Amino acid sequence: MALLTVLAIAGCSSDAVKPNPTPAEFNGLGSGSPGDPSTTRMGGSDSGTIFGIGKGPKDKDQGTGGGGSGIGVNAFLWRGALDTISFMPLASADPFGGVIITDWYTPPGTSGERFKATVYILSRDLRSDGVRVNIYRQVLQNGQWVDATVADSTVGDIENKVLARARHMREQLQTSS
């Protein structure tokens, strides 16, 4: 069996020169040469923008900051959520599905409790019902982490901070344009 494995692996290698898949006229990313992926935008004319912000006049007319093919949710809510929970370690962020998941966070000076957050961006519009936050809390009891309740006001406060940050960023963009 081991001999077959060695032969199979040896059969995959070759001393023959393999063709270079990169075109000879390719000078590197950003060079503008033929084959340079930065010269063609597979996602459309706005694919080079970050989070769909600053795409131009179309963005002003829509007033959402989340249109186009950049991300699947409102860009201001997305960025506002990331900014608001930036003190927590990020475990996962899906801008197309609009889900941000943090890892467990222990506030400084507190060793017996930790928090985790999940933020859902539910809309392509900047609306108060476009964001939902879930906060999870655990306390350390007898060496085991045990689920504990989180005050409803905590969730509401974080949602309000996300919305306030998103509105502030939209206002900044509108005044700079």
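Residues numbered from 1 in each chain as written. Predicted model: local features only at pLDDT ≥ 70, side-chain atom pairs only at ≥ 80, totals over all residues. Heavy atoms only, no water.

Caption draft 1: Seen up close, the pattern of salt bridges. For the structure shown, the criterion picks out 4 salt bridges. Of the charged contacts, one joins Asp 83 and Arg 79 as a salt bridge, the two residues approaching to 2.9 Å between their closest N and O atoms. Residue Asp 83 and its partner Arg 79 are located together in helix H3 (residues 75-84), separated by 4 residues, close to a single helical turn. For Asp 129, the salt bridge is made with Arg 127, and the minimal N-O distance between the two is 2.6 Å. Assessed through its relative accessible area of 45%, Asp 129 is described here as partly exposed. For Arg 127, a relative accessible area of 41% puts it in the partly exposed group. The network of salt bridges with common partners includes Arg 79, Asp 83 and Arg 165. (Salt bridge = Lys/Arg side-chain N within 4 Å of Asp/Glu carboxyl O. Helix = DSSP H or I, 4+ residues; strand = E, 2+ residues; numbered from the N terminus. Buried < 20%, exposed > 50% of the residue type's maximum accessible area, 1.4 Å probe, protein only.)

Caption draft 2: Molecular detail of the packing of aromatic side chains. Under the defined criterion, the tally for this structure stands at 1 aromatic pair. Between Phe 87 and Tyr 105, the ring centres sit 5.2 Å apart and the planes meet at 75°, which makes this aromatic pair edge-to-face. With Phe 87 in the loop between H3 and strand E1 (90-94) and Tyr 105 in the loop between strand E2 (99-102) and strand E3 (113-121), the pair connects residues that are 18 residues apart, well separated along the chain. On the basis of relative accessible area, Phe 87 is assigned to the partly exposed category, the value being 49%. We classify Tyr 105 as buried; its relative accessible area is 19%. Between the NZ or CZ atom of Arg 114 and the centre of the ring of Trp 104, over which it lies, the distance is 4.4 Å. (Phe/Tyr/Trp six-rings, centres within 6.5 Å; stacked < 30°, edge-to-face > 60°. Lys NZ or Arg CZ within 6 Å of the ring centre and 35° of its normal.)

Purely geometric stuff here, so don't read any function into it on its own.
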